[in-house]
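Given next are the chains, with one letter for each unit.
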Amino acid sequence: MADESVEAVKQSLAEVGYLADEPAALVSFLAQRLGKPVLVEGPAGVGKTELAKALSRSTGRPLVRLQCYEGLDEAKAMYEWNYRKQLLRIQAGGEAGWEDVQEDIFGTEFLLTRPLMQAIASPEPVVLLIDEIDKTDQEFEAMLLELLSDFQITIPELGQISATTMPIVVLTSNDSRELTEALKRRCLYLWLDYPGVEREMEIVLLHAPEMPRELARRLVEVVEMVRALDLKKPPSIAESIDWARTLLLMGVDDIDRETFNNSMSIIVKHRTDIDLVAERVGMKLPDRAA
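Residues numbered from 1 in each chain as written. Predicted model: local features only at pLDDT ≥ 70, side-chain atom pairs only at ≥ 80, totals over all residues. Heavy atoms only, no water.

(A) View of the overall build of the protein. Regarding its fold elements, the protein presents 14 helices and 9 strands. Rg of the C-alpha trace for the protein: 24 Å, well past the compact-globule value of 19 Å for 290 residues, more than 25% over. Dimensions of the protein, computed from the C-alpha atoms along their principal axes, are close to 90 × 45 × 35 Å. Split into buried and exposed, the 290 residues of the protein put 44% on the buried side. Long-range pairs, those at least 24 residues apart, make up 73% of the contacts in the protein between residues at least 6 apart in sequence. By element, 51% of the accessible surface of the protein is carried by carbon and sulfur atoms, the whole surface being about 14,600 Å². (Helix = DSSP H or I, 4+ residues; strand = E, 2+ residues; numbered from the N terminus. Rg over C-alpha atoms; globule rule 2.2 N^0.38 Å. Buried < 20%, exposed > 50% of the residue type's maximum accessible area, 1.4 Å probe, protein only. Contact = heavy atoms within 4.5 Å. Areas by Shrake-Rupley, 256 points an atom, 1.4 Å probe, with all protein chains shown as cover.)

Spelled out as structure tokens, the structure:
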């Protein structure tokens, strides 16, 4: 059952480990009440995919995920025919007329369903995550429009297949290219960015509750310093959490230069970035006290 208010959605997401701000909670609420897809854009690592996973956990719906990539087509995203099984049926048809066999081999038993079809045909409501839609091309976006508008798919040999339960649809984009207006018109929109110090500190403490608040604040402040640099890959929120857990396992109570240099690879993952961060951030940290 959908939550009855924005605040209830915010609370249910928090209960499954996702601290949503007001815009994210509002869009999550509207997605359930209005039955509209949500397009979530923002830099990599700010929690776009995690929002869909959290909606799955908080609503008790199974998550169906389509991971997008360059060259993704209808056969891999929606459905394709099981040609080997069809060929065996044709061979077994023997003397049957071609029209009879043709009608037989285009039944649902010969259909291989992919994530989009699985979400539409599911007898129970699901959360459909179409992840990194900006990695596909405009032709793929055009193919999605029927699904996003009417929650249905048209198969020429079978006709329209409409959803019997309404999925919650979340599309994510790292904003690497401009998406079409036709796709955006069909979606609610949410821009997610890196959180401020206070919010990220609360996120870190939610996932590493044993960490002292002052150490969590120091960690987030250092991560912000790292993100301010011109890096190939700024640290994600998930990497902030990983670093917090690492520091706890190291048993440290402060982030000095030695601790930072020893654990920097948890949040910095390109060789050239490591050199830059060590110079611009590491050198600003205090030496370990004697």
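(B) Structural detail: the pairing of strand S6 (residues 152-155). Note: S6 against strand S7 (residues 159-162), 4 bridges, orientation antiparallel. Among the inter-strand pairings, Ile155 is bridged to a residue of S7, identified as Gly159. Hairpin connection between S6 and S7: a loop of 3 residues separates the two successive antiparallel strands. (Pairing = 2+ DSSP bridges.)

(C) Spotlight on the pattern of salt bridges. As enumerated under the stated definition, the model contains 15 salt bridges in all. With its nearest N and O atoms 2.5 Å apart, the salt bridge here joins Lys10 to Glu22. Of this pair, Lys10 sits in helix H1 (residues 6-15) while Glu22 is found in helix H2 (residues 22-34), placing the two residues 12 residues apart along the sequence. The partner of Arg217 in a salt bridge is Glu198, with the nearest N and O atoms 2.8 Å apart. Note that Arg217 is positioned in helix H11 (residues 213-227) and Glu198 in helix H10 (residues 197-207), a separation of 19 residues in sequence. The exposure class of Arg217 is partly exposed, given its relative accessible area of 23%. Via salt bridges that share partners, Lys233, Glu239 and Lys269 belong to a single interconnected network. (Salt bridge = Lys/Arg side-chain N within 4 Å of Asp/Glu carboxyl O.)

(D) Highlighting the environment of Gln32. Along the polypeptide, Gln32 turns up in helix H2. The buried category is assigned to Gln32, whose relative accessible area is 18%. The spacing of Gln32 and Glu132 is 100 residues in sequence and 21 Å in space, taken between C-alpha atoms.

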